[in-house]
Amino acid sequence: MQFRKIIGQDAVKAQLIQSVNDNRVSHAQLFLSCDGSGALPLAIAYAQYLNCGDRHEGDSCGNCASCRKYERYIHPDLHFSYPFFASKDIRTAVDVLEEWRNMLQEDIYFDMDTWRSRLNAENKQANINIAECHDVIKKLSYKAFEAPTKVLIMWLPEYLDKEGNSLLKIIEEPPQNTLFILVAHNQDQILPTLLSRTQIVKIPKLDDEVIEEHLLESFGLSENQAREYSFLADGNLIEAKRLVVNTHNENADLFSGWLRMGYGNRVADLIGFVDQIAGWGRENQKNFLKYGISFMRECSLLLSGAEDLVKLPANALDTAKKLSANVLSLAMAEAVVEELEKAHYHVERNANPKILFLDVSLQLVKIIKFKTFPSGTQHIFN
């Protein structure tokens, strides 16, 4: 991966290149960005530039032995760590390395949902377990095989639990000529002990104009289409691509249907829906709730008179406008968001899905149909 192949982020590229040229490369860095901003491609390009045998001004050469191996993600001194779904056959990230490399070669811009679709997730939650942490320590303890610097790129360290503390010593006092790069999207979910030992490189969202230009060049869209998709994506190139290929998101239809059941007080239908969602598995349940939270917040913007800030596809926007005009109030939208956030918290902690989603469904009936807020919910009315 060369810097020239990365979309946008010119200021960050210049900063990373300058750090190598000035020999001021921090041994542990955290690339912090939003989804779809290109943090992982930047980390790989940075490592490739650092180990390139014939650096050009502003980029790696792409032709030396090191660069050719980096382009195929098979360099012996380039290591990856990432969340996976542990089983009796999959104990560390190396056990799914082939799937990881295939995904990188197909499209370097991807998110956790894309990665999950590559693996047999079943009803498990992704994480970076203690066995993977020990494997990281083992790999970094070896001497470099070919490159001047060994590099380990850990994608989404948010999936490290307290087991991540086992990495503290090697991050704080790494072997000679070792670079540790964490690529994260949510600073608040990273262990504070890890965070304090890294140099943070903040990577901003992509500009709408950058995404628009990429869509025009890569997909042959009209200017109006490219402009609309780039606006809706809000700096997320992954989401922009999904909008282009019209990937059907069932969460939109399911969530609006769930709200209609609640508004119609259709308890029998709600019970059937709860049986359906209970069989999805935790990750799908969490994604569904995250979509609902995002959708309700967009409704809150409509209710607040900030329609220009709303980022929803046409069909979802039409549904949101109808709900906001005829059903919801701002207080109701806030109460629904609070219930969904609590449900997401409990799904992560393995709550019984049938009990949990039946309770949330009944709360929706109370809030949307009968305008009765759950006990403890406080709202200030102007």
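All of the points below concern the structure found in this document. (Residues numbered from 1 in each chain as written. Predicted model: local features only at pLDDT ≥ 70, side-chain atom pairs only at ≥ 80, totals over all residues. Heavy atoms only, no water.)

**Quick notes on the packing of helix α16 (residues 330-348) against helix α17 (residues 353-369)**
The packing of two helices is summarised by the inter-axis angle and the distance between the axes.
Then, in step 1: Orientation of α16 relative to α17, taken along the N-to-C sense of each, is 175°, at an axis distance of 10 Å. With respect to α17, the element α16 is oriented roughly antiparallel. Note on element contacts: α17 touches α16 through Leu356, Phe357, Val360, Gln363, Leu364, Ile367 and Ile368, opposite Met332, Ala335, Val336, Glu339, Leu340, Ala343, His346 and Val347.
Then, in step 2: Grouping the amino acids of the contact of α16 with α17 by side-chain chemistry returns 12 nonpolar, 2 polar and 1 charged. (Axes fitted to C-alpha atoms, helices over the stretch in contact; angles between N-to-C directions. Helix = DSSP H or I, 4+ residues; strand = E, 2+ residues; numbered from the N terminus. Parallel < 35°, antiparallel > 145°, perpendicular 65-115°, else oblique. Contact = heavy atoms within 4.5 Å. Nonpolar A, V, L, I, M, F, W, Y, C, P; charged D, E, K, R; others polar.)

**Regarding the side chain of Ser26**
Then, in step 1: Along the chain, Ser26 falls in the loop between α1 (10-21) and β1 (28-33).
Then, in step 2: The class for Ser26 is buried, based on a relative accessible area of 18%.
Then, in step 3: Excluding anything up to four places from it in sequence, Ser26 contacts Leu179 and Gln199. (Buried < 20%, exposed > 50% of the residue type's maximum accessible area, 1.4 Å probe, protein only.)

**Quick look at the sheet that holds β1**
Then, in step 1: On the basis of which strands lie adjacent, the open sheet formed by 5 strands has the order β2-β3-β4-β1-β5 and parallel pairing. The two strands at the open ends of the sheet, each matched to only one other strand, are β2 (78-81) and β5 (199-203). Taking each pair of neighbouring strands and ignoring which way they run, the sheet shows an average axis angle of 20°.
Then, in step 2: Strand direction decides the pairing type here: β1 and strand β4 (residues 178-184), joined by 5 bridges, are parallel. Its bridge partner being in β4, Gln29 is matched across the sheet by Ile181.
Then, in step 3: On top of the sheet, helix α6 (residues 130-141) reaches β2, β3 (150-155) and β4; it is set at about 170° to β2, its chief contact. (Pairing = 2+ DSSP bridges.)

**Quick notes on helix α10 (residues 223-233)**
Then, in step 1: All of the buried residues in α10 are Ala226, Tyr229, Ser230, Leu232 and Ala233. Seen from one end, α10 has its buried residues packed into an arc of 165°, which puts them on one side. Among the exposed residues of α10, those oriented more than 90 degrees off its buried face are Glu223 and Asn224.
Then, in step 2: Those residues of α10 that are buried lie in contact with α9 (208-219) and α11 (237-244).
Then, in step 3: One or two positions beyond α10, positive phi appears at Asp234, with a value near 55°. (Arc of directions from axis to C-beta.)

**So, the packing of α1 against helix α2 (residues 39-51)**
Then, in step 1: Taken N-terminus to C-terminus, the directions of α1 and α2 make an angle of 30°; their axes are 10 Å apart at the nearest point. Our classification of the angle between α1 and α2 gives roughly parallel. When you trace α1 past α2, the crossing you get is right-handed. Together, Val12, Lys13, Leu16, Ile17, Ser19, Val20 and Asn21 of α1 and Leu42, Tyr46, Tyr49 and Leu50 of α2 make up the contact between the two elements.
Then, in step 2: For the contact of α1 with α2, a count of residues per class yields 8 nonpolar, 2 polar and 1 charged. (Left-handed = near helix turned anticlockwise from the far one by under 90°.)

Honestly, that's just the spatial picture; any functional story needs more than this.
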